[in-house]
Every structure is written in C-alpha cells, then in structure tokens.
Amino acid sequence: MRMPAAQSGPFGGRAWRRFRRNRAAAASAAGLTIIAAACAAGATAWRDRAARADLSRARTPPSRVDPFGTDLLGRSLAVRCVVGGAVSMGVGLSAAVFAVVLGLAWGSLAALGGGRIDAAMMRVVDIIYGLPYLLIAILLKVGLDGLLRTQAGLSAGGSEVAVLILAIAGVSWLTMARIVRAAVLSLNAQPFVEAARALGASPWRVWRAHILPNLAGPVAVYATLTVPQAMLQESFLSFLGLGIQPPLPSWGTLAAEGVAAINPVESFWWMLAFPCGLLSLTLLGLNFLGEGLRDALDPRG
Amino acid sequence: MIRRVLVRTLQVPFILLAVYTLTFLLVVGVPGNPFEQGAGRALSPVVEQGLRQRYGMEDNVRFYLRYLGRAIRGDLGQSLYYDNWTCNEIIAAGLPVSAMIGLSALLLAVAGGVGLGTLGAVHRGGPADVLALGLSVVGVCVPAFVTGAVLLVLFSVAIPVLPVGTWGSATDVLRPAAALSLVPMAYIARLTRLGMIEALASDYVRTARAKGLPERTVVLRHALRNALLPVVQYLGPAAASAMTGSFVVERVFNVPGLGVHFVNSVLNRDQMLILATVLVYAALIVFLNLACDVVSTLLDPRAATAGAP
Amino acid sequence: MPTERANAVPAASCEIAPLLRVEDLCVDVAGEWGTVRVVDEVRFEIGRGECLALVGESGCGKSLTALALMSLLPSAARVAGGRIVLNGIDLLSRPESERRAVRGRRMAMIFQEPATALNPLMTAGAQVAEALAVHCPEAARTRRARREAVLAMLERVRLTDPAACIDRYPHQLSGGQRQRVMIAIALAGGADLLIADEPTTALDVTVEAEILSLLGELRRTAGLALLFITHDLDVVSVVADRVAVIYAGRIVEQGPSDTVFSRPLHPYTSGLVACVPRIDPGDGPTGQAGRRAPLPQIEGVVAQPGARPGGCRFHPRCSLGRDDRQCREEEPGVTRHPGGREARCWKVEP
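Reading guide: rules and limits
Residues numbered from 1 in each chain as written. Chains lettered and ligands numbered in written order. Predicted model: local features only at pLDDT ≥ 70, side-chain atom pairs only at ≥ 80, totals over all residues. Helix = DSSP H or I, 4+ residues; strand = E, 2+ residues; numbered from the N terminus. Buried ≥ 20, exposed ≤ 12 C-beta atoms within 10 Å, placed from the backbone. Contact = placed C-beta atoms within 7 Å. Axes fitted to C-alpha atoms, helices over the stretch in contact; angles between N-to-C directions. Parallel < 35°, antiparallel > 145°, perpendicular 65-115°, else oblique. Left-handed = near helix turned anticlockwise from the far one by under 90°. Nonpolar A, V, L, I, M, F, W, Y, C, P; charged D, E, K, R; others polar. Pairing = 2+ DSSP bridges. Core = buried A, V, L, I, M, F, W, Y, C linked by C-beta atoms within 7 Å. Domains from an automatic or database assignment. pLDDT = per-residue confidence, 0-100. Expected span 1.5 Å × (residues − 1). Bend = angle between axes of the 7 residues up to and from the residue.

Caption draft 1: Structural context of the overall build of chain C. Each helix and strand in chain C was counted, giving 12 helices and 12 strands. Relative to its 350 residues, chain C shows a buried fraction of 44%. Partitioning the intrachain contacts of chain C with sequence separation of at least 6 by distance along the chain shows that 64% fall at a separation of at least 24.

Encoded structure:
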C-alpha cells in the first residue's frame, strides 16, 4: 500500500513562482541554456576545426573572420572556446552526476546506519573536507591514471577524460553527503516513514519509495551547486596541465595558453579574456541558479 | 574544553597517517614506472633494479614503512627527478615563499572581508552594502587564476608599474596575494555581513544601546565580537582554499613556491617529492584547522560547556 | 484579586510636576502592506516615585510605546507625532545625541528575555562595569574601583553571592539572576525612571515575586519611578499605583489601579478582569458556589493594525457596542471621571 508523501512534490506551484520572481536566477537559467546549447551545437559541428591551425594567421586580434581572434598556432579562438566549453561543461556535468550519486549513497547509508557507522562515515567526510580539494583531486587522478593505463590497457584521450571525471567526482561529493544525511535523518523521524516500516516494508523499499522522492528538493539544489564546483576543479586541473590534455581544448587549458602568451610588449588580451570570461559567466550563472533554487525550495524569510 | 582540544590533538597523527597511506597507495602503489621519463623507452631491468635499490624502492611495503620512519624523523627523502636535491631542500626553498603569499592573502581577505561586511551591514543599502553583496556573490565564482590573470595583465601591460615575473622584493608578494585573497574575502564578507545584520538586530545590542553607549562602541564591542565567531571558524577552510589557489596563482605569476614544485613533481612522476609535499601540505592544514578550532572555542564561552567535540 | 498593594506610595509625591508626560504619541510602522499607525495618540503621565502599569494584549502597541520613549525603535518604525516630556524637556524635539545622553542616565529600560538581552560573550560583571563607565567615569578609573562599584550595584539588586556572579557568563546564570543583572545595568546611571517591558513574563512565579519585591524596594529606597508593561493583571495589582489599559494602539481607560479593576469603566477592562481565572474553588466567576463554570472570554480577536474597524475600535467584540450606531460609526473621545480616571467609551455614565 502506498502512503502519501509528507509534502507534495518539491516543485509545487508556490516554489516555482518564488523561483521565477528571482530575476537573477531566471536570467541565469536562460543564459546558461543559451551557452550550453551553443557549445553543444558548436562542438558537434566544429569538432575538427578546433585543431585546424593556420600559422599565417597566428595571434590576430578579434576580427570579422575570427570573432574571438586566433591563438598562437592560428587556430580560431571562437571555435576553440565553443568546443572547450562543451568539454568543460561536459566534464563538469558528468563529474557532478557521479558526485551526486556517491553523496546520495554515502549520506543515506550513514543516516540509516546510525550510531557508530554514522559517526565513522561522517568523520571521513569531515577529514576529507578539511584537506585542500585540489590536492586530493590531483592525487586521485595520478592514481586512477596509472591504474587504468596498465590494467585496462586503454589508450590516452578517452581514458584521460574518464579518469579526470572520476577524480573530480571523488572530491565533489562531500557537501551532498552532508546534506543528504541531514535530510534523511529528519525524514526518518517523520510519522509516515515510521508507518511504512510498521507495515513491514523492507528498508530498501522504505528508502526508495518514501525517503528518496522527498530528497528530490535538496538534491536538486545541491546538484546544481555541484556542477560549478566540478567545473572549477576541472579548470584548475587543466590550467595546471594535469587535466584535459592538448589538443583537446577546455576553458582551463585555453586560459593557461592565454597566460603563457602574456608579455610586456604585446598583450594578446583576447586569448585570456574570452575563455576566462566565458568560464566566469557560466560559473556565476550556475551559482545564481543554485541559490535561486535553494531560496525557492527552502525560504527562510 | 581542554578535553575537547586534547581529543582533537590526538587525532592529528592518525589523520596524517591516513593521508600518507592514501597518497602512497595512489602514487606509489599503483603500477607506473617513475623511472621511465617521458620517452616511453623501457629501461633495462638491471639499470632499473639499481635505481630502485638506490632509492630504497624495491619492495612497496618496505618502502612504505621505511619512508614513514624517515619522515617522522624529518627526512623526506631524495627527489627522483632533481638528482642532486633532497626533498627537504626543495621544500625549504619553496615553503617560505608560499607561506608568505598565503598568509598575506589571508590577512588581506580578513581585513577586506570584515571591513566591507561590517560597513555594508551598518549602512544597509549604501555603496558598501552593494559592494559587499556583489563581492560575496561574484568573488565565489571567479577562479583564482582568472583573478591572477586579470591582475597580471592590469599591472604588467596596462599599468606597467611593477616588474612582472621576478621574485626578489617585498612588493612581489602583493599581486599573487591579492589574486589569492579574492575567494576567501568573498566568503568572509558574506559571513561578516550576515552576522552583523543579525547581531545589530539582536536583543543584547538593544540593551547596549539602552545603556546609552555610543553607536561605535555598540557596533565594535558588542555586535562585531559576536559576528566574528563564524569567521574564525571559517579560517580553516579559508586556508585550504588559499592552498588550492596557490597552485595556480604561483604559476600565473611565476613564483618559485611550493605549489610549483608540487605540480612539477606530479608532471614528472617524482614519487618521493609528491609524498614529501603532500605530507607537508597535510600537516600544515591539519594544524591550522586545529588552531582555528582552539581559538574559536576560546572566544566563545558557551562552547566550553557544550557537549562532545 | 488581592486588593492590598505592598508598595503603596503616598499621594503627596504626585503633586509636583510629573517626571514624564507623554502627549498624543503616535508611532507608525512600515510593513509589506504600507504604513500603519500602531500607537495612536497615547497620553499618560508618571510622577516621581510613581508606578504606572501599561496593560494590554500582545500586539496592542505597548512595547513600541516604551521603545519610542527610549528612542530605540526598530528601523521599520518611527514616531509620527506627539511629545515626550521628561523633566520638562521635549525629547522628540532634541537631536539624537541628546536623546542618547538621556538613555541610562535619566531613563532606563529592562526587557522581557534576560537570556538574550545580555551579551553572551561578556561576563555579567563586565556588562555592569560598562554601564557604570558610561555614566560614572570617576568610579571606573582603576580596576579595583570598578570591581567595587560593580559589587555594590549587584548587592543593591540583592544578588546572592555577587562576587561569583561578576565573572560568570550569562549562560551560567539563572533567569532570576540574569534579570537582576539587567536591573543593575539599568540603574547604573542613576536613572529616575525605569521602564520594564514584561520583565517577569519569562520567569517562574517564585522568581517573579522576588523581582517584583526588589522593584518595590528600589522604589521605596531610591524614589524610582516605574513604567511597568505587562499583560498579567495580577502583577499590576501588586506593583502599580495607576494603570492604563491599551487596546489596538489607543488607551481606553486610565486610573488608580484598585478602582480600575474593582469598578471598571470600559467594557474591555471588564472583560479583562473577568478573564482572570480564580483559584478558590468556592465561587465560579458567575458566582455559582461549588460549580466550575467555563472560563469567560472576550469574543473575537484583536483587530490587525491595517484592518481596524470604523468607529470605536473595540465595538465588534463589545456586548454593549456591537449593535449601537454611535459605537459603530464614531470614535469616542476621552472622558474624565471622578477619582482621577479617564475612559474612551460612549457607554460610560459620566
């Protein structure tokens, strides 16, 4: 027998109206959709053009032919930015998905396990939380890299990206775990969950049918906030040369190229401005979106 | 309270051991030959055996224990890539640089964040408030290397005031520290502003005003002291964030700090140096977190009587 | 209700000019739905050493009146008219700096929740010392002088073991101790008037009695005048010489506390008096011996400030005025009655 959930779905009318009223969030949602669509479309259409180098037109500022200018090897920066955007967002999104799943599992297990299990699992979260994210991401990547290369015998390229995604996910699940644990603990104490248990439902069924649907709200909010975090990690790693490897572009690697090209004689400002600007705008938009969702679903006056 | 501090202190060696083990597993325990340097050419087994013996890396388990023993005594090993340098020497060269930048960045972040947040809360809706709010939203989203790049371009190309890319004088700390300080400053401004708004609306501030105290005393002695508690607690994560940022900022400004050595050690697969730098970073952050914990417990008399750590 | 007042003050002290005179005070609050007048033409006087109780339900504007006197209104509220005359000086016509100088020195205030009204990060002694330092800087020159002055204040408010309490933090003190510390802070400047905003509502009954007796003693020994804000009528009868009853931002009745409660003029006052439950099992409120009758209530709820009824504000809940044309359409003015009493009601016989 199905018990009614304690609250009608997280995206009920009132929450949606509150979200729409938040202009920054709404604008961000719109802007992000445009950027994402442009990058996705561009990446598929221009996949090869990203690597097409024309040394005769190296280092030219923005013009009608090359709206973002060209880089050191004469490649069109606009094309590279679009493809790089697809890569960055793709990696960020995939890593966020893994992080959400891992955080959801960890937080739920800790909350339902209770007592010592809970204490131990959350202590692990606390410890990792205290260490610098990037350090651990780098180490994870190094380890997974070696593992995949020797064991699976995969070639570079595909496995590189997969390893990167897993490494980033490996440090991005912490906040989700904490949020999920708190939410599951409070849901666990609700009468409708107790009733389901009293009826003899198995713990798995209780979790899947009663607790999980009610987690949709907080999970949606923090999933949205995990994506920019993951993208930030990727951009740092790629900037340092430890992430996406050339010739595949990402906003981080493009920024690194831009920084390397700076010299007091002539500034190639476009090589720096466009990737950094696009990255910052996307991160800003994602954060506004996440905060807007959080305010809409959990207003505290 | 002393009990809580003691418990936290006793956990430190265990945390460091866990970090060491994890790092070892990921870096050394994984197959991948550190002695193949780039070209992919396989070394002859005899040469490889000789190299392994030289560094004491024949057997992973024994290496783990031996390195641990040496590390406790302060010897962090020999760099595999930089033949003539011990890890201690490399770290001793880079750590003071990074520490100076990191500390300056945190000082800037606290000064700027607390100042802006307080002004914004006291004069709601004024320019300081708008700035504080804007900073706390935007500052969180802009990666440290973007800030660094902007500052680099601004001060080297657009306004050529100070020399770029060199490292020798005190002013060279300014730009990397400024770039590094933006993200923690944004968080601190947000925390301070919210904390001050709440404090200024509280009952005890009303009592302080009812006493006839001048407004400045009310703001500084009563409201600010209470509002700063979460900021002190944030300093631990702020230090971690500064550490992360330092990797990229040092690269942008060409600063010979520990971050550059760490990144290079990863690129060069210099396992000894990786282990050494990770241990140093972990020790730093764990001690900083402990210090912040202790200080915030000291500042808040209610925490002393609170329950378990 | 006990008719004795333990702390009666002779009437002669009221013949001199009043310490505080409030004339037609109006306070507006800006809310989501616009500005509403929460305190409307409130008028009362307090003489030296006298205690006036301000009585009313929650939300009737009594706390805002008190905050207006101290110029401590929250940012959304402001004084929209009237005069606050303390010792012959209209405070509202003075700049903020003068009003601040008055706080603590001439007029002091204590609040309802001593737990949140004290700074959790400062010791009790430090907070009293701070108040002393503002108003009596000579006493605070040396550390020892400060400590002695604080000790003296704490003894004056009858705190047991004051030496220990000086170094304790608020969360280490009991509710009664905290309230005493608050009183000590309030009186550190030697104020003549103490405004007490529901000071005992958050305390146990026994502690409440102690605090009330302390306040009475301070009135006797120091000639302290008291503006006592409460919604508890029993407390009023113990502590107050005169009482003003507030309803929906207006004072509807004023007079000596014994006559106001024994022979109320305004229907709201009669309603309030009737609502007080009696402990003796003998007579029910309707006079039926030995039977427990249901607790009488005043029908309806207090009108929200934005949605006040026309005419007399109380008429929808009033058995006399509900169907009366005059009560419905015209707002009654203040009528004076013998014995120093006033009321706002069409239905009172003059």
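On we go.
Caption draft 2: Expanded view of the overall build of chain A. When its secondary structure is counted, chain A shows 11 helices and zero strands. Ordered by position from the N terminus, the helices and strands of chain A form the series α-α-α-α-α-α-α-α-α-α-α. Look at the contacts in chain A between residues 6 or more apart in sequence, and 72% of them connect residues 24 or more apart.

Caption draft 3: Representation of the packing of helix α7 (residues 174–200) of chain B against helix α10 (residues 229–252) of chain B in the model. All names here are of chain B. With their axes 9 Å apart at the nearest point, α7 and α10 run at an angle of 155° to one another. Taken as axis vectors, α7 and α10 run roughly antiparallel relative to one another. Relative to α10, the crossing made by α7 is right-handed. Facing α7, whose interface residues are P176, A179, L180, V183, P184, Y187, I188, L191, T192 and G195, α10 presents P230, V231, Y234, A238, S241, A242, G245, S246, V249 and E250. Of the residues in the contact of α7 with α10, the class split is 14 nonpolar, five polar and one charged.

Caption draft 4: Quick look at the interface of chain C and chain B. Each partner contributes to the interface: chain C provides 25 residues, whereas chain B provides 16 residues. Looking at the side of chain C that touches chain B, the elements that each hand over two or more residues are α2 (96–102), β6 (107–110), α3 (114–117) and α4 (124–135) of chain C. The dominant element in the side of chain C that touches chain B, judged by the number of residues it contributes, is α4(C), at four residues. Its residues placed into classes, the side of chain C that touches chain B shows 14 nonpolar, six polar and five charged.

Caption draft 5: Molecular detail of the sheet that holds strand β11 (residues 335–337) of chain C. All names here are of chain C. The mixed open sheet is built from eight strands, whose spatial order is β6-β7-β8-β3-β9-β10-β12-β11. Each having just a single partner strand, β6 and β11 make up the two edges of the open sheet. Each strand axis lies, on average, 20° off the axis of its neighbour in the sheet, ignoring direction. For strand β3 (residues 51–55) and strand β9 (residues 242–247), the ladder comprises four bridges, and the chain directions are parallel. Looking at the pairing, A53 lines up with V243 of β9.

Caption draft 6: Spotlight on the interface of chain B and chain A. In this complex, chain B contributes 38 residues to the contact, which on the side of chain A involves 38 residues. For the side of chain B that touches chain A, the elements supplying multiple residues, two or more each, are α1 (2–27), α6 (144–158), α10, α11 (258–267) and α12 (271–299) of chain B. Ranked by residue count, the leading element in the side of chain B that touches chain A is α10(B), at eight residues. Across the side of chain B that touches chain A, the residue classes break down as 31 nonpolar, six polar and one charged.

Caption draft 7: Quick look at the pairing of β3(C). Residue and element names in this part refer to chain C. The element β3 is largely enclosed, with a buried count of five among its five residues. In this sheet, strand β8 (residues 225–230) lies alongside β3 in parallel orientation, the contact comprising five bridges. What sits directly across from L54, in β8, is I229.

Caption draft 8: Examining the sheet that holds strand β1 (residues 20–31) of chain C more closely. Residues and elements named next belong to chain C. The antiparallel open sheet is built from four strands, whose spatial order is β2-β1-β4-β5. Two strands close off the open sheet at either side, each with one partner strand: β2 (34–46) and β5 (89–90). Alignment of β1 against strand β4 (residues 77–86), held across eight bridges, turns out to be antiparallel. The partner of C26 across the bridge, within β4, is G81. Running over the sheet, helix α1 (residues 62–69) touches β1, β2 and β4 and is turned about 70° from β2.

Caption draft 9: Main features of the environment of C:A30. All names here are of chain C. Within the secondary structure layout, A30 lies in strand β1. A30 gets classed as exposed once you count the C-beta atoms within 10 Å, which come to 12. Along the sequence, A30 and A53 sit 23 residues apart, while their C-alpha atoms lie 27 Å from each other. Setting aside its immediate chain neighbours within four residues, A30 contacts T35 and A76.

Caption draft 10: Representation of the nonpolar core in the model. Counting residues in hydrophobic clusters, the biggest one holds 277 residues, and the most contacted among them are A:A255 and C:V128. In terms of residue count, helix α3 (residues 77–113) of chain A provides more of this core than any other element does, 18 residues in total. When we break this core down by domain, the ones giving at least three residues each are domain 1 (2–72) and domain 2 (94–306) of chain B. Look past the residues within four positions of C:V128 in its chain and what remains in contact with it is C:V150, C:M153, C:L154, C:V181, C:A184, C:I185 and C:A188.

Caption draft 11: Just the environment of C:A225, in detail. Residue and element names in this part refer to chain C. Note that A225 resides in strand β8. We classify A225 as buried; it has 25 C-beta atoms within 10 Å. In this structure the C-alpha to C-alpha distance between A225 and P256, which are 31 residues apart in sequence, comes to 15 Å. Non-local contacts of A225, meaning those with residues more than four positions away in its chain, are made with L19, I46, G47, R48, G49, E50, D192 and L193.

Caption draft 12: Spotlight on the packing of α10(B) against α12(B). Residue and element names in this part refer to chain B. It is at 8 Å that the axes of α10 and α12 come closest, and there the two elements cross at 175°. By the criterion of interaxial angle, the relationship of α10 to α12 is roughly antiparallel. Across the interface between the two elements, L229, V232, Q233, L235, G236, A239, A240 and M243 from α10 touch Y281, I285, L288, N289, C292, V295, S296 and L299 from α12. Across the contact of α10 with α12, the residue classes break down as 12 nonpolar, four polar and no charged.

Caption draft 13: Inspection of the confidence of the model for chain A at higher detail. Mean pLDDT over chain A works out to 81, with 87% of the residues at or above the 70 mark. Low confidence marks residues 1–9 of chain A, where pLDDT is under 50. Its contacts with residues over four positions away, or in another chain, come to 12 contacts.

Caption draft 14: Highlighting helix α9 (residues 203–240) of chain A. Residue and element names in this part refer to chain A. Counted at 1.5 Å a residue, the expected span for α9 with its 38 residues is 56 Å, but the 45 Å between its end C-alpha atoms falls short. L212 marks the point of greatest bend in α9, at about 45°, and the proline P213 comes within the next four residues. Here α9 lies mainly inside the structure; 28 of its 38 residues are buried. Just past α9, the residue G241 takes up positive phi, approximately 90°.

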